[in-house]
Amino acid sequence: MKHKTKVISVLLCLTLVLFVFPLGVLAQEGAEAGDSPIPLEPGYDYTRFKDAGLTLNVYNWGEYISDGTDGEHIDVNAVFEEVTGIKVNYATYETNESLYAKLKSGGAEYDVVIPSDYMIGRLIEEGLLAKLNYENIPNFSMIGQQYKGRDYDPKDEYSVAYTWGYVGIIYNTTMVDKPVDSWGILWDEDYKNDILMFDNSRDAFAIASRLLGLPINPENTEQIDQAAAALEEQRPLVQAYVMDQIFDKMQGGEAALAPYYAGDAVIMNAANPDLSFAVPKEGTNYFVDAMCVPAGSPNQEAAEMYINFMCETAVAMDNSLFIGYSTPQLEAEAAMPPEVRDNPWLYPPAEVLENTWTFNVLPKELNDHMDTAWNDMRTQTGAGGWIIVLGLVLAVAVIVVSFVLRARKKRQNEY
């Protein structure tokens, strides 16, 4: 969910110094983290694997962590390595579905992953996540109650909230002259070839469903088919289906409208002030991304140390400021400067959140049906898609036959 160059103001950097670091200086007394370059909560031994030669494989969304490239914020993984002596092997993915495919295939071994709510529930159901030992994650106590006990992990056995946010429409105010208050504008022919769309099934189907007045979590295959028909109708208007590519396109003025996540809208607006953000009146998806340990991780205790480190106040705040997403860590949220904490895109008013829904885990039948409908639409092999494919095949065949006949005639003339 979640990518590209981050533009953070000097003011936010100063805020980090003024708010977070004094907050942690007191906490540093008694901390057992050695010579930490940042303040850490006291009493947690981050050095117990210092000489063990461990490597943690962390799998996260693209640039969904502070990496210090802006010169203002810490490189979280580098600081963790310095404090703990544990090497971090960091890789990224673009969608929950690609993460799921990797874990399901068993083709790669990860120690920490950060899926979204509904995918966490699916991974739990399929036995792909390990139960956490919260004795190794005492900073879990600083995660707000509203991010605990949720439907995807009702007993808080498998996950620790990382960030939260919601979906809206990012639009270029110099290219859009109509009100942006409904998902319907993404079906407006006046913006043909200037519309971007999510390149993942769950977000795309949710948007089409809300436009049709259907639940964001489909209850039967008929509702999925209705949403699929709406997406098929929209397809001729779509310039591209994107995830990370949205940043270049929207910041560069290559498209006018795109549904995406509020946190990334903040980042894109900082890079291009012509971009704005709106929440459609039909309502939208509210999501929580959370840190988990895959089943079978050989380094679970060290992975839980990494999760605890991510929940440190200084780390959580720096991370949130860099990536632009709202933090569930209460002390970090409280220390945010007013211009961040009062930003309605990051911390929206109650009336916005009241008109949102989280994604639930779908029964296998519905999940498979959605995947099939999405693949049919994206590969244009639905009802009309085969005609297009057949036409292309016939066109190629005609060209090949023409070339062969022409070559044969040439040889005959030469003879």
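Refer to the preceding data block for the structure.
Below or above, wherever it landed, is the structure these notes cover. (Residues numbered from 1 in each chain as written. Predicted model: local features only at pLDDT ≥ 70, side-chain atom pairs only at ≥ 80, totals over all residues. Heavy atoms only, no water.)

### Describing unusual backbone geometry
- Although it is not a glycine, D156 sits at a positive phi angle of roughly 50°.
- Counting through the fold element by element, D156 comes out in the loop between helix 4 (117-125) and strand 4 (160-172). (Helix = DSSP H or I, 4+ residues; strand = E, 2+ residues; numbered from the N terminus.)

### Some points on the packing of aromatic side chains
- Enumeration according to the criterion identifies 24 aromatic pairs in this entry.
- For the pair Y134 and F140, a centre-to-centre distance of 4.7 Å together with 45° between the ring planes defines the contact as tilted.
- Their ring planes at 70° and their centres at 5.8 Å tell us that W164 and Y347 sit as a pair that is edge-to-face. With W164 in strand 4 and Y347 in the loop between helix 12 (338-341) and helix 13 (350-353), this pair connects stretches of sequence that are 183 residues apart. Side by side, W164 and Y347 carry an identical accessibility label, which is buried. (Phe/Tyr/Trp six-rings, centres within 6.5 Å; stacked < 30°, edge-to-face > 60°. Buried < 20%, exposed > 50% of the residue type's maximum accessible area, 1.4 Å probe, protein only.)

### Concerning the nonpolar core
- Within the largest apolar cluster, 130 residues are counted, with the highest numbers of intra-cluster contacts made by L257 and F309.
- Of all the elements, strand 4 adds the most residues to this core, at 9 residues.
- Excluding its chain neighbours within four sequence positions, the residues that come into contact with L257 are I169, I170, Y171, V176, V180, I185, L186, Y191, D194, I195, L196 and M250. (Core = buried A, V, L, I, M, F, W, Y, C linked by side-chain atoms within 4.5 Å. Contact = heavy atoms within 4.5 Å.)

### Brief notes about the side chain of N172
- Inspection of the secondary structure puts N172 in strand 4.
- Of the residues examined, N172 reaches a relative accessible area of 3% and is grouped as buried.
- For N172, the side chain forms a polar contact with the side chain of T174, separated by 2.6 Å.
- When sequence neighbours within four positions are dropped, the list of residues in contact with N172 reads M250, G253, A255, A256, N272, D274 and L275. (Polar contact = N/O pair within 3.5 Å; in protein donor to acceptor, adjacent residues only side chain to side chain.)

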